[in-house]
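Each chain, written out:
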Amino acid sequence: MPGADDQPSLFPEGPGSGGAIELPDLWLQQSGPESDVVVSSRMRLARNLDGFHFKPRFAEGECDRLEVHLKQVLRDVDPALHYHTLTQLSATARKVMFERHLISREHAADEHARGVGYTGDGRTSIMVNEEDHLRIQVFAPGLDLSSLDHRVNDLDDRIARRVTYSFDPRFGYRTSCPTNTGTGLRVSVMLHLPALSFRAEVRPGRGSEQDIVRMQNAAQQLGLTVRGLFGESSRAEGEFYQISNQVTLGRAPEKTIRDVQELVDLVVGWERRNRESHLNENKSRLEDHVWRAWAVLTHARRMTSSEALGHLSALRLGVSLKLIDTVDVASIQGLMVAMRPGHLQFEAETELSADQRDERRARLIRERLAHT
Amino acid sequence: MIHRCARCDSPATFHLTDIKNGTKTERHLCEECAKALQVPQAKKELQNLLKSFDPAHAMTRSRPSSKGSRVCPDCGISYVEFRQNGRFGCARDYDIFAKEVTALLERIHGSAVYSGKTPDGGQIIDGVLVDEVTEVRARLAAAIEKEDYEQAARLRDEIRRMSTSPSPGPSPGTGPSPGPGPGASASTPGSGGRAGGPGRPDAGGASSGAAETH
């Protein structure tokens, strides 16, 4: 895995010296609570500064001034933060940051003055001039909402001592989009639910759709939502789902966090019970599913992201159920990031065609799995 | 505020507002009762809500009106433009279009009343700034109502501790910002170039109170 130490200055194609990025550690390669089912947890706060327009209505030069100002604020808050002005980075560097969840897809693609500050462990990132002036986000492997709550609020409070947030007691934190008004808080938990999905194949009629609908109904009751792997409007690839809150006004953040925790606990229980029942009723079928995935991953010469994600999902299930011990969950999660297009190009230090990426992806997976 | 279902007292997830002959009535229902009463499902409601953000939809549906032509003096956005893009142009839009924004927030979140922290370390519950003891008392009352006596005992002890120990005073974030605001220092971007920024939110009649809290 490329890291800050072994690859200090890549992206010669990036404009000027700002083209190099220092990659933080890949925290997804560490394991966390409930990691048999929960991949990761994330919390973010949307904040805007008093005295500046929101992004859609920036006056000429305002966006640049704000970016410079916030860069200094973040340096004052935590001198150890890495900071990059995204216009100074290559498209590949921005893609790598998106794939590590440091920035959103939109933030990677935008053209105006914007930036990102992040910690060396990659577990904290602050987007500057995304949809809101600040998007403060913290991550953890597995399910760990209470520590995220503490971390994100501590950082938010430290920033609040240096800027004046746009806030009023009636609506709370004023945000660019009314769906974030209030707490500006989004709590997301990413889950791996292969057993709830796998049921469709072995028990037609009592399939995943029914289970996923049950999960979505439960979520709706709590003002939460269920989405695919990459957030809004994405589908659930590789049986990975995100549960997150929608309501940010009229509900205290503690209640929101509790609701997400309760639903996640419920879904984790469903998934575990389904895994157990598969294991009891369809062990050979499940073993076949897992070992076939292993066989393809360790021998294929070309592989698309989507195919790899499906096999890695099967492998993750197999490891959790102790059907296979040739690899661990953390390594699989590392591969899920390292095999993505931006990371492959980062490693190759050049742009790659889709064909070239498929070859390199297959090779990377073979090599990594051979050495676990 | 969390509404209870008008029929069965479960937590309400459907919030309906009817306006007839100028009179507004609100109904709150849980999903089961909403289904029983054949209320349009949330998915559809959400779709409609999203549709209302869709520029094409807004273009065809919007009618010139005094509401639509009102413009924020800070960022220049009209309510129609906001509805087309689904994004505000500045914080003051919340005041300029307060009535419409309140209704919109109620539709999106089921409430337009804030509960949560303030930037200076305070707590707001249902739009009211509360001190710490009041907040714990409210939690105690809720715990008793839910018959969670273990939690209630913990909270009672917490209140006792707070009452016997000297007042902690303002939390570290309570004082005025030590750092300069964007307009206060020559080294910050807002200074000298403030013409580009919106006016202070407290300059308008419907002040946000943002300046007061900091």
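Here the structure is a predicted model, which is why all the values come from computation and not from measurement. Each chain carries its own residue numbering, running from 1 in the direction its sequence is written. In the order they appear in the text, chains get letters beginning with A and ligands get numbers beginning with 1. The predicted nature of this model means local features are confined to residues of pLDDT at least 70 and side-chain atom pairs, given and counted, to a pLDDT of 80 or more, with totals for whole chains, interfaces and linings taken over all residues. Excluding hydrogens and water, the side-chain figures rest on all heavy atoms present in the structure.

**Student:** In this structure, what is going on with the overall build of chain A? I would like to understand it.
**Tutor:** Helix and strand counts for chain A stand at 12 helices and 10 strands. We call a residue buried when its accessible area falls under 20% of the maximum for its residue type, exposed when it is over 50%, and partly exposed in between, using a 1.4 Å probe and counting protein chains only. Expressed as a percentage of its 372 residues, the buried residues of chain A come to 61%. Note on contacts: a residue pair qualifies if any of its non-hydrogen atoms lie within 4.5 Å across the two residues. Long-range contacts, defined as pairs at least 24 residues apart, comprise 70% of the intrachain contacts of chain A with a sequence gap of at least 6. Of the roughly 14000 Å² of accessible surface on chain A, a fraction of 46% belongs to carbon and sulfur atoms. Under the DSSP-based scheme used, a helix requires at least four consecutive residues in state H or I and a strand at least two consecutive residues in state E, with every element numbered from the N terminus. Working definition of accessibility: Shrake-Rupley area with a 1.4 Å probe, residue cover restricted to the visible protein chains.

**Student:** Any chance you could explain the overall build of chain B here in plain terms?
**Tutor:** If you tally the helices and strands in chain B, you get 10 helices and 5 strands. Looking at chain B as a whole, 38% of its 214 residues qualify as buried. Looking at chain B alone, contacts between residues at least 24 apart form 32% of all its contacts between residues at least 6 apart. Here chain B displays about 12500 Å² of accessible surface, and carbon together with sulfur accounts for 53% of that area.

**Student:** I would appreciate a short explanation of the domain arrangement of chain A in the present structure.
**Tutor:** A common measure of how large an interface is: the accessible area buried when the components associate. Residue and element names in this part refer to chain A. Note: domain ranges come from an automatic or database domain assignment. The domain architecture assigned to chain A consists of domain 1 (22-182), domain 2 (188-281) and domain 3 (282-370). What counts as buried area is the accessible surface, traced by a 1.4 Å probe, that two parts surrender upon association, with contributions from both included. Across the interface of domain 2 and domain 3, roughly 1500 Å² is buried in total on both sides, 65% from carbon and sulfur atoms. Between Lys or Arg on one side and Asp or Glu on the other, a salt bridge is scored when a side-chain nitrogen of the former is within 4 Å of a carboxyl oxygen of the latter. Applying the counting criterion to the domain 2 and domain 3 interface returns 0 salt bridges. Residues adjacent in sequence count toward polar contacts only when both atoms are side-chain atoms; beyond that, a polar contact is any pair of N or O atoms within 3.5 Å, and within protein one must be able to donate a hydrogen and the other to accept it. For the interface between domain 2 and domain 3, the tally reads 3 residue pairs in polar contact (both at pLDDT 80 or more).

**Student:** How should empty space enclosed by the protein be read in this particular structure?
**Tutor:** Leftover empty space is mapped by rolling, across the atoms, a probe with the size of a water molecule. All names here are of chain A. Cavities and pockets are found on a 1 Å grid laid over the protein atoms alone: a cavity is a set of points where a 1.4 Å probe fits but cannot escape, a pocket is an open set with protein on both sides within 12 Å along at least five of seven lines, and a lining residue has an atom within 4 Å of such a point. Grid points are joined across faces, edges and corners, and a volume is the space filled by probe spheres set on the points. Across all of its chains, the model carries 2 cavities of 30 Å³ or more by this definition. Estimated volume of the second largest cavity: approximately 30 Å³. Lining the second largest cavity are Gln30, Ser31, Gly32, Ser35, Val39, Pro141, Gly142, Val329, Ala330 and Gln333. For the lining of the second largest cavity, the element with the most residues is helix α10 (residues 329-338), which contributes 3 residues. Three classes are used, and their members are as follows: Ala, Val, Leu, Ile, Met, Phe, Trp, Tyr, Cys and Pro are nonpolar, Asp, Glu, Lys and Arg are charged, and the others, Gly among them, are polar. Of the residues belonging to the lining of the second largest cavity, the class tally is 4 nonpolar, 6 polar and no charged.

**Student:** Looking at this structure, I do not really get the pattern of salt bridges. What am I missing?
**Tutor:** Working definition: two side chains of opposite charge can pair if their charged atoms are close together. Evaluation of the coordinates by the stated rule reveals 28 salt bridges over all chains. A salt bridge links Glu131 of chain A to Arg87 of chain B, with the nearest nitrogen and oxygen atoms 3.0 Å apart. A residue pair is termed interchain when its members come from two chains, as with Glu131 of chain A in the loop between β4 (124-128) and β5 (134-141) and Arg87 of chain B in the loop between α5 (79-85) and α6 (93-96). A residue is classified by how much of its surface remains accessible, and Arg87 of chain B, at 28% relative accessible area, is partly exposed. Arg275 of chain A serves as the salt-bridge partner of Glu271 of chain A, at 2.7 Å between the closest nitrogen and oxygen. Here Glu271 of chain A pairs with Arg275 of chain A, and both are found in helix α7 (residues 253-281), just 4 residues apart, close to one helical turn. Under the relative-accessibility criterion, Arg275 of chain A is labelled buried at 3%.

**Student:** What's the story with the sheet that holds strand β10 (residues 240-245) of chain A in this structure? I'm lost.
**Tutor:** Hydrogen bonds between backbone groups are what pair the strands of a sheet, and the pairing can be parallel or antiparallel. Residue and element names in this part refer to chain A. Following DSSP output, two strands are said to pair if at least two bridges run between them. Spatially, 8 strands are ordered β2-β3-β4-β5-β1-β8-β10-β9 in an open sheet, and the strand pairing comes out antiparallel. Each edge of the open sheet carries a strand with a single partner, namely β2 (82-85) and β9 (224-227). Shown here is a sheet whose adjacent strand axes are inclined to one another by a mean of 20°, direction ignored. Of the strands in this sheet, β1 (38-47), β8 (185-192), β9 and β10 are in contact with α7, which crosses β8 at around 5°. For helices, the fitted axis covers only the stretch in contact; all axes are lines through C-alpha atoms, and the angles between them, taken along N-to-C directions, range from 0 to 180 degrees.

**Student:** Explanation requested: helix α11 (residues 341-348) of chain A in the structure shown.
**Tutor:** Note: α-helices contain 3.6 residues per turn, so residues at a spacing of three or four share the same orientation. All names here are of chain A. For α11, the tally of buried residues reaches 7 of 8 residues, placing the bulk of the element in the interior. For α11, the complete set of buried residues consists of Pro341, Gly342, His343, Leu344, Gln345, Phe346 and Ala348. Those residues of α11 that are buried lie in contact with α2 (91-99), α9 (305-320), α10 and α12 (354-370). Where α11 ends, the next residue or the one after it, Glu349, has phi of about 60°, a positive value.

**Student:** Even after reading the chapter, I still don't get the pairing of β5 of chain A, so can you show me in this structure?
**Tutor:** All names here are of chain A. Counting buried positions along β5 yields 8 of 8 residues, so the element is predominantly enclosed. Judged by which residues are buried, β5 turns out to be covered on both faces: Leu134, Ile136, Val138 and Ala140 on one side and Arg135, Gln137, Phe139 and Pro141 on the other are all buried. Bridge count between β1 and β5: 8 bridges; the pairing is antiparallel. The residue bridging Met43 from the neighbouring strand is Val138, located in β5. Of the pairings in the sheet, the one linking β4 to β5 comprises 5 bridges and is antiparallel in character. Note on β5: the bridge partner recorded for Ser125 is Gln137. The antiparallel hairpin formed by β4 and β5 contains 5 residues in its connecting segment, where Asn129 sits at a positive phi of about 60°.

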